[in-house]
Amino acid sequence: MQLPQWLARFNRHVTNPIQRMWAGWAPSMGILEHVGRRSGKRYRTPLTVFSTRDGVAVLLTYGPDRDWLKNVTAAGGGTMRRYGKSFQVTDPRVMSKADAAASVTGLMRPLFAVLPFEQAVVFTRA
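To keep things clear, this report deals only with the structure shown in the data block. (Residues numbered from 1 in each chain as written. Predicted model: local features only at pLDDT ≥ 70, side-chain atom pairs only at ≥ 80, totals over all residues. Heavy atoms only, no water.)

## Some details on a nonpolar patch on the surface
Step number 1: Together, Trp6, Phe10, Val14, Ile18, Met21 and Trp22 line one region of the surface with nonpolar side chains, adding up to about 650 Å² of accessible area.
Step number 2: Here methionine 21 is to be found in the loop between helix 1 (5-19) and strand 1 (29-35).
Step number 3: A residue is classified by how much of its surface remains accessible, and methionine 21, at 61% relative accessible area, is exposed. (Patch = residues over 30% accessible without salt bridge, like charges linked within 9 Å, V, L, I, M, F, W, Y side chains within 5 Å. Areas by Shrake-Rupley, 256 points an atom, 1.4 Å probe, with all protein chains shown as cover. Salt bridge = Lys/Arg side-chain N within 4 Å of Asp/Glu carboxyl O. Helix = DSSP H or I, 4+ residues; strand = E, 2+ residues; numbered from the N terminus. Buried < 20%, exposed > 50% of the residue type's maximum accessible area, 1.4 Å probe, protein only.)

## Here we look at the sheet that holds strand 4 (residues 55-59)
Step number 1: Read from one edge to the other, the open sheet built from seven strands follows the order 2-1-5-6-7-4-3, with strand pairing classed as antiparallel. Here the strands that pair on one side only, and so sit at the sheet edges, are strand 2 (42-48) and strand 3 (50-51).
Step number 2: With six bridges connecting them, strand 6 (residues 85-96) and strand 7 (residues 119-125) associate as antiparallel partners. Pairing of serine 96 across the sheet is with glutamine 119, part of strand 7. (Pairing = 2+ DSSP bridges.)

## Considerations on the pairing of strand 4
Step number 1: Burial analysis of strand 4 places five of its five residues in the buried class, the great majority of the element.
Step number 2: Across two bridges, the pairing between strand 3 and strand 4 is antiparallel. What sits directly across from serine 51, in strand 4, is valine 56.
Step number 3: In textbook terms, the turn of a hairpin is the stretch between consecutive antiparallel strands, and for strand 3 and strand 4 this stretch comprises three residues.
Step number 4: Bridging between strand 4 and strand 7 involves five bridges; their strand directions are antiparallel. Looking across to strand 7, one finds that valine 56 is bridged to phenylalanine 123.

## Quick look at the environment of aspartate 99
Step number 1: Tracing the backbone shows aspartate 99 in helix 3 (residues 97-101).
Step number 2: Using a relative accessible area of 52% as the deciding quantity, one classes aspartate 99 as exposed.

## Side note on unusual backbone geometry
Step number 1: Its identity as a non-glycine residue notwithstanding, tyrosine 83 has a phi of 50°, on the positive side.
Step number 2: With respect to the helices and strands, tyrosine 83 occurs in the loop between strand 5 (77-82) and strand 6.
Step number 3: With a relative accessible area of 46%, tyrosine 83 lands in the partly exposed category.

## Comments concerning the nonpolar core
Step number 1: Counting residues in each nonpolar core, the largest one holds 14 residues, and the members touching the most others are Leu32, Trp68 and Phe123.
Step number 2: Of all the secondary structure elements, the ones that give two or more residues to this core are strand 4, helix 2 (67-75), strand 6 and strand 7.
Step number 3: At three residues, helix 2 tops the list of elements feeding residues into this core.
Step number 4: Beyond its immediate sequence surroundings of up to four residues, phenylalanine 123 is in contact with Leu32, Thr52, Asp54, Gly55, Val56, Val58, Trp68, Val72, Val89, Thr90, Asp91 and Pro92.
Step number 5: Of all hydrophobic cores here, the second largest spans 10 residues; its members include Phe50, Ala101, Phe112 and Phe117. (Core = buried A, V, L, I, M, F, W, Y, C linked by side-chain atoms within 4.5 Å. Contact = heavy atoms within 4.5 Å.)

## A closer look at the packing of aromatic side chains
Step number 1: Going through the model one piece at a time under the given rule, you end up with one aromatic pair.
Step number 2: Over the aromatic face of phenylalanine 87 sits the side chain of arginine 125, whose NZ or CZ is 3.9 Å from the ring centroid. (Phe/Tyr/Trp six-rings, centres within 6.5 Å; stacked < 30°, edge-to-face > 60°. Lys NZ or Arg CZ within 6 Å of the ring centre and 35° of its normal.)

## As for the environment of glutamate 118
Step number 1: Positionally, glutamate 118 belongs in the loop between helix 4 (109-114) and strand 7.
Step number 2: Note: C-alpha distance between glutamate 118 and arginine 93 (25 residues apart in sequence) is 14 Å.
Step number 3: At a separation of 2.8 Å, a polar atom in the side chain of glutamate 118 contacts the main-chain amide nitrogen of methionine 1. (Polar contact = N/O pair within 3.5 Å; in protein donor to acceptor, adjacent residues only side chain to side chain.)

Quick look at the structure:
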């Protein structure tokens, strides 16, 4: 399942600016800092983030055709802010949710498995 594109546009302009106020601190969220592949502009994208053995995973709720994903893929990574701390993430790999689920750890692992999305991106913590 993929959420509709109109919701992605709404979130980009309305919800994301609000979520950026707390996403870097909230337990299940993070802020991905990345640079535009064409513009060079810095972006901060709030995401629901799941811990993995060697990094983090993000379910692709709107599918793989997202600007933030294209930016981090072109750059080879970005900076993730979670629990008030920042760390580098590298090697973004898009894969099926089932393949990504094998590396998800912690209390949120059961939630990751039941959410109705088909793909995820997995980052390695640098």
